[in-house]
Amino acid sequence: MRFDLVTLFPDLFGGFLSEALMAKALARGVIRVTLTNPRDFAPDRHRTCDDRPYGGGPGMVLKPEPLALAIEAAGAGRPRPWRVCLTPSGTRLNQAKVRELQAHKRLLMICGRYEGFDQRVIDLMADEEISIGDYVVNGGEAPAMVLMEAVARLVPGFMGRAGSAEEESHQAGLLEYPHYTRPPSFRGLSVPEVLLSGHHRAVAEWRLKAALARTLAKRPELLAAAELDPAARAALGSLNRPEPPASSPARPKKTGP
Ligand code: 9D3
């Protein structure tokens, strides 16, 4: 999969692209990334990319000409990319949207700064607008990284040793069960016994119950949409308290010093 980014601050992507799974996927050719700066398409000596808003008001707006030229340059070639504007008023990103975007061979992401884009750039050049949530960040770059990372981990081969991203969620739509590693006791908190027992069936049961209890306590609205098999339905029926039962991981028993 190929990601084409249009940004006034391409250097923000340096560390993001040169570390961890993203760097490995780039090196292996699992994904490709291009960075295009609208400043390189501004015709004036100062390479101006922003201007004052018509109608007045605070802040600056991204000028349409350099941005449009940058989008056209970034999107040149085949196949034609799906063009996404990152804007605070876009469709809220979720995993369903991530899966939808992963179906494209090429994704072109346009990052705004200041108060945002001249609306005509969106009208003429964007296939859709996406927001990553109802909070304010300084521009579209951090949101583009979120989107790119979420889509990239669905690309076959991206996850490498960590395995397939989708097979992680055994019970689709639930929060994850809690994870533990060594040591068995840490600062007075012990790992739930069943996880040390080696009983795979008991472990699986405990994890399912823990995931259900957690979801019920923290995100009850997810349970309505979750795809629960009969065993999970039964387990959920037995959890009528907001906090998980005594054997659960939410409040591990204190053990000795
Ligand atoms: C006062 C009105 N603000 C809109 C909420 C102005 C404004 C704030 C921040 C305009 C642009 C920005 C920069 N943010 C983004 O470009 C952005 C964003 C975000 O702030 N939150 C969530 N998703 C996104 S995607 C792009």
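Remember, predicted model here, so these are calculated numbers, not experimental data.

What counts and how
Residues numbered from 1 in each chain as written. Predicted model: local features only at pLDDT ≥ 70, side-chain atom pairs only at ≥ 80, totals over all residues. Heavy atoms only, no water. Near = heavy atom within 4 Å. Polar contact = N/O pair within 3.5 Å; in protein donor to acceptor, adjacent residues only side chain to side chain. Areas by Shrake-Rupley, 256 points an atom, 1.4 Å probe, with all protein chains shown as cover. 1 Å grid on protein atoms, 1.4 Å probe; cavity = no way out; pocket = protein on both sides within 12 Å on 5 of 7 lines; lining within 4 Å. Sits in = over half its atoms within 2 Å of the grid points. Helix = DSSP H or I, 4+ residues; strand = E, 2+ residues; numbered from the N terminus. Nonpolar A, V, L, I, M, F, W, Y, C, P; charged D, E, K, R; others polar. Disulfide = S-S within 2.5 Å. Buried < 20%, exposed > 50% of the residue type's maximum accessible area, 1.4 Å probe, protein only. Points joined across faces, edges and corners; volume = space filled by probe spheres on them. Pairing = 2+ DSSP bridges. Axes fitted to C-alpha atoms, helices over the stretch in contact; angles between N-to-C directions.

Novice: Would you mind going over the site of the ligand with me for this structure?
Specialist: Inspection of the region around the ligand gives 16 residues, with Ile-132, Gly-133, Tyr-135, Val-137 and Gly-139 positioned closest. For the ligand, a nitrogen atom lies 2.7 Å from a polar atom in the backbone of Tyr-135. Within the backbone of Val-137, a nitrogen or oxygen atom sits 3.0 Å from an oxygen atom of the ligand. For the ligand, the protein covers 72% of the area, taking 580 Å² as the surface of the free molecule. The site holding the ligand turns out to be the second largest pocket. Among the elements that make up the shell around the ligand, the one with the highest residue count is strand E5 (residues 82–92) (three residues). Looking at the shell around the ligand, its residues break down into nine nonpolar, six polar and one charged.

Novice: Whenever I open this one, the state of the cysteines confuses me. Can you help?
Specialist: Here, disulfide denotes a covalent bond that connects the sulfur atoms of two cysteines. This model, assessed by the stated rule, comprises zero disulfides. Here Cys-111 is not disulfide-linked; the sulfur of Cys-85 is the nearest cysteine sulfur, at 9.2 Å. Accessibility expressed as a relative area gives 3% for Cys-111, which makes it buried.

Novice: How should the layout of surface pockets be read in this particular structure?
Specialist: What the second largest pocket holds in volume is close to 450 Å³. Along its surface, the second largest pocket is lined by 24 residues, and Leu-86, Thr-87, Pro-88, Ser-89 and Glu-115 are the ones closest to its centre. Only E5, helix H5 (119–125) and strand E7 (128–131) provide two or more residues apiece to the lining of the second largest pocket. Top contributing element to the lining of the second largest pocket by residue count: E5, with four residues. A breakdown of the residues in the lining of the second largest pocket according to their chemical character gives eleven nonpolar, ten polar and three charged.

Novice: Whenever I open this one, the sheet that holds strand E1 (residues 2–6) confuses me. Can you help?
Specialist: The strands that make up a sheet pair up through hydrogen bonds in the backbone, lying either parallel or antiparallel. One open sheet holds the five strands; their spatial order is E2-E1-E6-E5-E7, and the pairing between them is parallel. The strands lining the two open edges of the sheet, one partner per strand, are strand E2 (32–36) and E7. This sheet shows a mean twist of 30° between the axes of neighbouring strands, independent of strand direction. Of the pairings in the sheet, the one linking E1 to E2 comprises five bridges and is parallel in character.

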